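# Structural characterization, general
So you can see what is in the structure, the chains are spelled out below.
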Amino acid sequence: MEGNSGGGERGGGGGNDVELVCKTLQVEHKLFYFDLKENPRGRYLKISEKTSATRSTIIVPFSGISWFLDLFNYYVSSDDHELSSKELQLDTKVFYFDIGENRRGRFLKVSEASVSRNRSTIIVPAGSTRDEGWAAFRDILAEINEASMLFILPNQQSSEPSERLVGLSDDVGAGFISGHSNQPVSASELNVDRSVELPAQDEINNMGVSKVIRADQKRFFFDLGSNSRGHFLRISEVAGSDRSSIILPLSGLKQFHEIVGHFVEITKDRIEGMTGANVRTIDPPQR
DNA sequence: ACGGCAA
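Residues numbered from 1 in each chain as written. Chains lettered and ligands numbered in written order. Predicted model: local features only at pLDDT ≥ 70, side-chain atom pairs only at ≥ 80, totals over all residues.

It is worth spelling out the overall build of chain A at this point. Regarding its fold elements, chain A presents five helices and 14 strands. The buried share of chain A, taken over its 287 residues, is 24%. The long-range share in chain A, meaning contacts at least 24 apart out of those at least 6 apart in sequence, stands at 47%. (Helix = DSSP H or I, 4+ residues; strand = E, 2+ residues; numbered from the N terminus. Buried ≥ 20, exposed ≤ 12 C-beta atoms within 10 Å, placed from the backbone. Contact = placed C-beta atoms within 7 Å.)

Right under this line is the structure:
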């Protein structure tokens, strides 16, 4: 997309990265490009704002896409002028969302700040009626978020530690993790020793929330835990004396939920009438 | 076709 003529980009410019999804949106006289891209390091969403004279780009880590969607939903659906600024921290990057207004109207400024690069910013006009500029932007994010699920790999979250979600400055909706309650996890803690597997059985410090479900002959245990590298959900399949687990960093939990919802949706005529009646809360495991 | 941000 974006008329990459000549192929001059190389060495970190992302010019050779594979484009998975490309969309454009015009809001007033601005053109926004949304490119979901992939390279050997992982996936990311590039959002560019193009006017006749200028171009500005932000790079959203894959794990941040659904947070962007939620934040735009917040700015679209919240009432009038009680909108506050928000911060979204994604490992090494922080995104700042700020409302502004001038004689051309209201706008949402989204700034990306990272240690290595200059701050870059895009500005999304609210639009004249019902925030339709923001709503259209939100709709594109929703489409990309939806489409990204079709590309996701089982390893996506845990294989991309640089995209680990750290926290959000403020609660803006039911789906948000409140990063300031309990013990916020610092980025430095999360970045320690990336080469090691996330948890070990004996360093699990459970947080008192466990569930078990029975499906046919299998039992699945869901346990929250944490270690020096952060919080995670462990899902264990237990059959006889064998137990195998997957470890899901909390940064991946939201997308995990959305993907499960996707499969519930497309299989709903086959699972109709199967309730969650055999789900019960159990005592937390002892260490 | 605007034009914001902010170095």
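So, about the nonpolar core. Counting 29 residues, the largest nonpolar core has Leu45, Ile65, Phe68, Phe72, Leu108 and Trp134 as its most contacted members. Here the element with the most residues in this core is helix 1 (residues 65–77); it accounts for eight residues. Each residue touching Leu108, except ones within four places of it in the same chain, is listed here: Tyr75, Phe97, Ile99, Val124, Ala126 and Trp134. (Core = buried A, V, L, I, M, F, W, Y, C linked by C-beta atoms within 7 Å.)

Its place among the elements puts Leu20 in strand 1 (residues 18–27). Separated by 124 residues in sequence, Leu20 and Ile144 have C-alpha atoms that sit 9.7 Å apart.

Relative to strand 7 (residues 105–114), strand 6 (residues 93–102) runs antiparallel, the two being bridged by 10 bridges. Paired with Lys93 across the strands is Ser114, a residue of strand 7. Hairpin connection, strand 6 to strand 7: the antiparallel pair is bridged by two residues. Strand direction decides the pairing type here: strand 7 and strand 8 (residues 120–125), joined by six bridges, are antiparallel. Within strand 8, the residue paired with Ser111 across the bridge is Thr121. Connecting the antiparallel pair strand 7 and strand 8 is a turn made up of five residues. (Pairing = 2+ DSSP bridges.)

This part covers the protein's contact with DNA strand B. Within the structure, DNA strand B sits among 14 residues, and Glu28, His29, Arg104, Phe107 and Thr121 are positioned closest to it. Going through the elements one at a time, strand 6, strand 7 and strand 8 are the ones with two or more residues in the surface near DNA strand B. Each residue belonging to the surface near DNA strand B can be placed in one class, and the counts come to three nonpolar, seven polar and four charged. (Near = placed C-beta within 6 Å. Nonpolar A, V, L, I, M, F, W, Y, C, P; charged D, E, K, R; others polar.)

It is worth spelling out the sheet that holds strand 1 at this point. Pairing is antiparallel across the open sheet formed by four strands, whose spatial order is 1-2-3-4. The open sheet terminates on both sides in strands that have one partner only, identified here as strand 1 and strand 4 (55–61). Averaged over all neighbouring strand pairs, the angle between strand axes comes to 15°, with direction disregarded. As paired strands, strand 1 and strand 2 (residues 30–39) are joined by nine bridges and run antiparallel to one another. In the strand pairing of strand 2, Thr24 is matched with Tyr33. (Axes fitted to C-alpha atoms, helices over the stretch in contact; angles between N-to-C directions.)

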